Amino acid sequence: MIIEDQLRAILRDVLGLDAARADALDADTPLFGAMPELDSMAVAGLLTEIEDRLHILIEDDEVGGEMLETFGGLVAFVKAKRGE
Amino acid sequence: MSRRGPRIHDYAGGEFMLAYGDTSGPQLLVLQPLFEEMNRCRVLIASICRTLADDSIGCWLPDLPGTGESPRGLETIRWQEWQSAVQAAAAVVEGETGRHPAVAALRGGALLDHALAVPAWRLASTSGRSLLSDLRRSAIASGSDPAHPAGYTLSTDLAEALAAADAEASPAARTVRLATDDRPADARIEGLPLWRRPEPDFDAATAEAIARDIANWIKA
């Protein structure tokens with residue numbers, strides 16, 4: 001599964017999005033601050049789930065900013081972390 | 001069905017425990033997830049307990065000191081008190097039923113199951129370090145003080161013990177994970193990580209899959 005689809009599945013599982021909303025996530029879809037399900041507690045769970053499933057470690061000083069602004073930002077962050 | 005419950009029990013000097021089901025069959029002490037995950041899993045765990053109770057398995061659900069319905073504040077709790085509380089809860093089960101309970105531990109609950117020398121079933125066990133990361137990150141994301149994340153104030157003793165706590169390797173433990181989690185496990189089940197949901201949520205298929213695996217394990 002490509003990273004984009006893995007992240008869609010994680011967002012669906014963590015936030016309880018329905019399949020249509022998860023499938024519609026594209027690079028420009030805004031996340032933190034725009035998606036009502038994604039509050040600060042949910043961000044924490046989302047990042048831990050990403051660490052567990054995609055085998056990366058996220059440092060505290062990397063949390064926030066562009067990586068959570070849009071779906072494309074999150075994809076780019078995870079790809080950079082994985083060296084892809 | 002009159003014994004399905006839940007019934008309310010007292011343990012460890014004023015702490016709160018619910019009990020479901022018959023007292024004459026196998027008995028199960030359920031160790032709940034910790035912190036926010038406990039709230040998110042309330043409905044899931046109640047459903048699992050009712051299903052198991054209908055299958056003649058007695059379920060006991062303690063709220064650890066400083067959590068849930070406990071009269072005490074979390075900031076006063078030391079790690080050792082949680083371990084002692086698990087033992088006290090098991091002693092109540094033995095007193096009420098004459099049977100040693102097996103343990104089913106979900107998520108952070110598995111950090112405490114070794115307080116009892118009994119067979120343990122574990123779902124998606126996680127490390128204390130990972131739970132602390134969740135709390136710290138939620139504080140960072142909300143712009144609040146990382147020392148008091150999301151209203152959870154931990155004593156220094158509890159935070160230090162959690163940082164070092166992991167589910168103890170045990171040949172008597174059955175570790176179950178969700179199919180989406182590829183870390184080592186004895187079995188994988190199809191289900192949703194409801195402990196991650198920002199709002200408490202429920203999925204009947206997840207609850208049934210968990211209850212089925214516990215029932216097969218405890219009866220084996």
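Residues numbered from 1 in each chain as written. Chains lettered and ligands numbered in written order. Predicted model: local features only at pLDDT ≥ 70, side-chain atom pairs only at ≥ 80, totals over all residues.

1. Concerning the overall build of chain A
For clarity, the cut-off: Labels follow the DSSP assignment, with helices taken as runs of H or I lasting at least four residues and strands as runs of E lasting at least two, numbered in each case from the N terminus. As a reference, a globule follows 2.2 Å times the number of residues to the power 0.38, and the radius of gyration itself is taken over C-alpha atoms. Burial in this document is a count-based property: other C-beta atoms within 10 Å of a residue's C-beta are tallied, and the residue is buried at 20 or more, exposed at 12 or fewer, or partly exposed in between, with C-beta positions derived from the backbone. The contact rule is simple: place each C-beta atom from the backbone, and if two of them lie within 7 Å, those residues are in contact.
Along chain A, the regular secondary structure elements total five helices and zero strands. Starting at the N terminus and walking to the C terminus, you meet the elements of chain A as α-α-α-α-α. Here chain A has a C-alpha radius of gyration of 12 Å; the compact-globule value for 84 residues is 12 Å, and the two agree. With respect to the principal axes defined by its C-alpha atoms, chain A has extents near 30 × 30 × 20 Å. Among the 84 residues that make up chain A, the fraction classed as buried is 32%. Taking contacts inside chain A between residues at least 6 apart in sequence as the whole, the part at least 24 apart equals 63%.

2. A closer look at the sheet that holds strand β7 (residues 173-178) of chain B
All names here are of chain B. The following threshold applies: Following DSSP output, two strands are said to pair if at least two bridges run between them. Each axis is a line fitted through C-alpha atoms, and for a helix only the stretch in contact is used; angles between axes span 0 to 180 degrees, taken between their N-to-C directions.
Pairing within the open sheet is mixed, and its eight strands lie in the order β1-β2-β4-β3-β5-β6-β7-β8. Of all strands in the sheet, those with a lone pairing partner are β1 (7-11) and β8 (187-189), marking the two edges. Ignoring strand direction, the axes of neighbouring strands in this sheet form an average angle of 25°. Looking at chain direction, β1 and strand β2 (residues 15-20) are connected through five bridges and run antiparallel. What sits directly across from H9, in β2, is M17. Most of the contacts of helix α2 (residues 42-54) go to strand β4 (residues 58-62), to which it runs at about 155°, and overall it touches β2, β3 (27-31) and β4. Contacting β1, β2, β3 and β4, helix α3 (residues 79-97) runs over the sheet at an angle of about 160° to β3.

3. With respect to the interface of chain A and chain B
Let me state the cut-off plainly: For this classification, Asp, Glu, Lys and Arg are treated as charged, while Ala, Val, Leu, Ile, Met, Phe, Trp, Tyr, Cys and Pro are nonpolar and the rest, including Gly, are polar.
Contacts between the two partners involve 20 residues from chain A and, on the opposite side, 19 residues from chain B. Elements with a contribution of two residues or more to the side of chain A that touches chain B: α1 (3-15) and α3 (40-54) of chain A. With eleven residues, the single largest contributor to the side of chain A that touches chain B is α3(A). Tallied by class, the residues present in the side of chain A that touches chain B amount to eight nonpolar, five polar and seven charged.

4. A few points about unusual backbone geometry
Residues and elements named next belong to chain B. Cis geometry is found at the peptide bond from G5 to P6, where omega equals 10°. Take P6: it is sitting in the segment before β1. Look at S56: it is not a glycine, yet its phi comes out positive at around 65°. Mapped onto the elements of the fold, S56 is located in the loop between α2 and β4. Positive phi, close to 50°, is recorded for R107, a residue that is not glycine. For R107, the position within the fold is in the loop between β5 (102-106) and β6 (120-123).

5. A few points about the environment of A:E66
Within the fold, A:E66 resides in helix α4 (residues 66-69). Considering only alpha carbons, one finds A:E66 and A:F77, eleven residues apart in sequence, at a separation of 8.6 Å.

6. Focus on the packing of α1(A) against α3(A)
Residues and elements named next belong to chain A. As a reminder of what qualifies: Each angle receives one of four descriptions, namely roughly parallel if under 35 degrees, roughly antiparallel if over 145, roughly perpendicular if within 65 to 115, and oblique otherwise. Each helix crossing is assigned a hand: it is left-handed if the near helix lies turned anticlockwise from the far helix by less than a right angle, otherwise right-handed if that turn is clockwise.
At a closest axis distance of 10 Å, the pairing of α1 and α3 adopts a crossing angle of 135°. In terms of axis orientation, α1 runs oblique to α3. In the crossing of α1 with α3, the sense of the turn from one axis to the other is right-handed. Touching Q6, I10, V14 and L15 of α1 are A42, G45, L46, E49, I50, R53 and L54, all from α3. Residues that form the contact of α1 with α3 fall into these classes: seven nonpolar, two polar and two charged.

7. What about the nonpolar core?
Here is the rule we go by: By convention the nonpolar core is taken to be a set of buried residues drawn from Ala, Val, Leu, Ile, Met, Phe, Trp, Tyr and Cys and joined through C-beta atoms within 7 Å.
Membership of the largest hydrophobic core comes to 66 residues, with the highest contact counts inside it found for B:L28, B:V30, B:C59, B:W60 and B:A89. The next biggest cluster of nonpolar side chains, apart from the first, holds 24 residues, and it includes A:V14, A:L38, A:A42 and A:L47.

8. As for the confidence of the model for chain B
The line we're drawing: Per-residue confidence from the prediction method is given by pLDDT, with values spanning 0 to 100.
In the predicted model, chain B carries a mean pLDDT of 93, and the fraction of residues at 70 or more is 97%. Listed scores for the predicted complex are pTM 0.91 and ipTM 0.78.

9. Digging into the packing of helix α4 (residues 128-142) of chain B against helix α5 (residues 156-164) of chain B
All names here are of chain B. Where α4 contacts α5, the axes come no closer than 6 Å and their chain directions differ by 125°. Between α4 and α5, the crossing angle belongs to the class labelled oblique. Contacts from G128, R129, L131 and L132 of α4 reach α5 at A159, L162, A163 and A164. The class makeup of the residues in the contact of α4 with α5 is six nonpolar, one polar and one charged.

10. Comments concerning the pairing of β7(B)
All names here are of chain B. Most of β7 is tucked away, with five of its six residues classed as buried. Here β6 pairs with β7 via four bridges, running parallel. Each residue of the ladder has a partner; that of R122, found in β7, is T175. Sheet topology note: the β7/β8 ladder contains three bridges and is parallel. The partner of L178 across the bridge, within β8, is I189.

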